[in-house]
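# Coordinate inspection notes
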Amino acid sequence: MTARIGVVTFPGSLDDRDTQRAIRLAGAEPVALWHKDKDLKQVDAVVLCGGFSYGDYLRAGAIARFSPVMEPLLEQARAGLPVLGICNGFQILTEAHLLPGTMLRNNHLHFICRDQKLRVENAETAWTSDYTAGQEIHIPLKNIDGQYVADQRTLDTLESEGRVAFRYLDVNPNGSNNDIAGVTNEAGNVVGLMPHPEHAVEPLIGTGRTDGLPFFTSILKKLVNA
Amino acid sequence: MARVVVDVMLKPEILDPQGQAVQRALPRLGFDGISDVRQGKRFELEVDGPVDEAALARIHDLAESFLANTVIEDFTVRVEEVAEAVK
């Protein structure tokens with residue numbers, strides 16, 4: 001038995017196929033979900049992938065969060081369903097208030113596409129258990145709305161509760177508060193980050209390393225051992 | 001029919017790089033004496049029926065939950081007098 005991991009496609013999603021491929025490489029079974037689906041096809045976890053959704057009109061993720069598929073997703077995520085949001089998926093999760101804070105345009109106003117060094121700060125979430133805390137990894141980053149912001153109280157809470165999951169190393173590429181690249185919810189089942197682990201799962205592409213693969217092996221282990 | 005205007009602005013403490021880029025362009029265009037620019041969004045809602053307290057309350061909810069992200073943005077709601085269309 002293996003785990004079934006759903007990947008939602010919104011109008012404008014770019015990385016749904018890459019994410020499905022990463023899930024398959026890790027040994028799990030990807031399940032395609034459509035933004036108009038009203039149920040999650042009994043998947044064991046869900047990834048909201050990168051790209052754009054509804055043209056990112058209004059704000060990135062602001063319209064996608066009201067998609068039909070988000071209704072069961074929000075309900076089940078609050079009950080413990082593991083959910084990973086990558087880039088636009090992270091933006092959707094913050095707009096849906098599953099994760100705190102939000103993303104602003106990069107402070108320099110340029111689109112960035114680069115290999116980004118990160119430090120894994122929390123290796124105890126559903127999506128990061130195959131890393132070790134403090135591990136340094138290289139993951140591609142590609143966005144224009146990547147500047148993570150939250151009010152000081154929220155930042156203090158995230159820091160004191162160890163809920164900063166990933167931090168940018170060497171350079172802060174977009175002006176994010178506290179160099180935050182990704183965060184987790186309190187329970188550790190919902191994680192969001194701006195860099196793209198699904199683009200770093202094979203030696204031939206991305207950073208030439210497979211530093212993103214542990215996201216998908218972490219969740220597989222958690223689900224299969226559950 | 002009445003019009004309700006919702007203005008959405010980044011909170012004062014939030015950096016507005018787009019507004020800064022506009023501000024920096026001003027001297028090059030010969031506009032002096034403008035020390036700061038903040039960029040926001042304006043929504044014009046054409047409302048069917050009367051704009052009474054209940055309608056405004058619903059629009060307030062709409063602005064709070066959807067038009068603005070209150071993590072980073074403030075908003076105001078106001079009724080705008082619509083001048084008779086010029087025939």
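All values reported here derive from a predicted model rather than from experimental measurement.

Rules behind the numbers
Numbers given for residues are sequential positions, taken from 1 along each chain in its written order. Ligands are numbered from 1 and chains lettered from A, in the order in which they are written. Confidence filtering applies because this is a predicted model: local features only for residues at pLDDT of at least 70, side-chain atom pairs given and counted only at 80 or more, and all residues used for totals across whole chains, interfaces and linings. Only hydrogens and water are set aside when side-chain values are computed; all heavy atoms of the structure are taken into account. A run of DSSP states H or I qualifies as a helix once it reaches four residues; a run of E qualifies as a strand once it reaches two. Both are numbered from the N-terminal end. Put simply, the radius of gyration uses C-alpha atoms, and a globule should come to 2.2 Å times the residue count raised to 0.38. Buried, partly exposed and exposed residues are distinguished by accessible area as a fraction of the type maximum, computed with a 1.4 Å probe on protein chains only: under 20%, between the cut-offs, and over 50%, respectively. Should any heavy atoms of two residues lie within 4.5 Å, those residues are considered in contact. For accessible areas, the Shrake-Rupley method is used with a probe of radius 1.4 Å. Any residue's cover is judged against the shown protein chains and nothing else. Lys and Arg are tallied as positive, Asp and Glu as negative. Neither His nor the chain termini are counted. Every charge is mapped onto a representative atom, which is NZ of Lys, CZ of Arg, CG of Asp or CD of Glu. UniProt positions are given in the numbering used here, feature names are shortened, and annotations may be inferred rather than shown by experiment. Any Lys or Arg side-chain nitrogen located within 4 Å of an Asp or Glu carboxyl oxygen qualifies as a salt bridge. Note: buried area is the sum, over both parts, of the accessible area (probe 1.4 Å) each one loses when the two are combined. N or O atoms within 3.5 Å of each other form a polar contact, as long as, within protein, one can give a hydrogen and the other can take it, and as long as residues adjacent in sequence are counted only when both atoms are side-chain atoms. Without a salt bridge and with relative accessible area above 30%, a residue can belong to a patch; like charges are then joined within 9 Å and nonpolar side chains (Val, Leu, Ile, Met, Phe, Trp, Tyr) within 5 Å.

In terms of helices and strands, chain B carries two helices and three strands. Helices (α) and strands (β) of chain B occur, in sequence order from the N terminus, as β-α-β-α-β. The C-alpha atoms of chain B give a radius of gyration of 17 Å, which is well past the 12 Å a tight globule of 87 residues would have. Out of the 87 residues belonging to chain B, those deemed buried represent 29%. Sequence-distant contacts, at least 24 apart, represent 72% of the contacts inside chain B between residues at least 6 apart. Carbon and sulfur atoms make up 54% of the accessible area of chain B, which totals about 5,900 Å². Each charge class in chain B was averaged separately, 10 positive and 17 negative side chains, and the resulting centres sit 7 Å apart.

Now for the UniProt feature "active site" (unreviewed entry) in chain A. All names here are of chain A. Mapped onto this numbering, the UniProt entry annotates "active site" (unreviewed entry) at C87, H196 and E198. Their sequence span is 112 residues, while the largest C-alpha to C-alpha distance among them is just 11.0 Å; these annotated residues converge on one region. Inspection of the secondary structure puts H196 in the loop between β11 (190-193) and α5 (213-225). What H196 contacts, discounting residues up to four positions off in sequence, is D15, G50, I86, C87, I139, P140 and K142. With respect to the helices and strands, the residue E198 is situated in the loop between β11 and α5. Classification of E198 by relative accessible area gives buried; the value is 1%. Discounting residues that sit within four places of it in the chain, E198 has contacts with D15, D18, T19, A22, I86 and F216.

Right, let's talk about the pattern of salt bridges for a bit. With the rule as written, the count across this model stands at 20 salt bridges over all chains. Notably, a salt bridge pairs E202 of chain A with R21 of chain A, separated by 2.7 Å at the nearest N-O pair. In this pair, E202 of chain A is assigned in the loop between β11 and α5 and R21 of chain A in helix α1 (residues 16-26), connecting sequence segments 181 residues apart. Given a relative accessible area of 18%, E202 of chain A falls into the buried group. The exposure class of R21 of chain A is partly exposed, given its relative accessible area of 43%. With a shortest N-O distance of 3.6 Å, D170 of chain A and K117 of chain A are connected by a salt bridge. Taken as a pair, D170 of chain A in the loop between β9 (164-168) and β10 (180-184) and K117 of chain A in strand β6 (residues 112-120) lie far apart in primary sequence, 53 residues in all. Among the charged side chains, a salt-bridge network with shared partners connects R3, R42, E44, E46 and E80 of chain B.

In this assembly, 16 residues from chain A lie in contact with 16 residues from chain B. Buried surface at the junction of chain A and chain B, both sides included, amounts to about 1,200 Å², of which 69% is carbon and sulfur. At the boundary of chain A and chain B, one finds one salt bridge. E73 of chain B is the partner of R59 of chain A in a salt bridge, and the nearest nitrogen-oxygen pair spans 3.7 Å. Run the count over chain A and chain B and you get six residue pairs in polar contact (both at pLDDT 80 or more). For the side of chain A that touches chain B, the secondary structure elements donating two or more residues are β5 (102-104) and β8 (147-149) of chain A.

Now for a nonpolar patch on the surface. A surface patch of nonpolar side chains, amounting to about 310 Å² of accessible area, comprises L14, F52 and F111 of chain A. One can find L14 of chain A in the loop between β1 (4-9) and α1.

Moving on: the side chain of N106 of chain A. Among the secondary structure elements, N106 of chain A is positioned in the loop between β5 and β6. A distance of 3.2 Å separates a polar atom in the side chain of N106 of chain A from the backbone oxygen of N143 of chain A.

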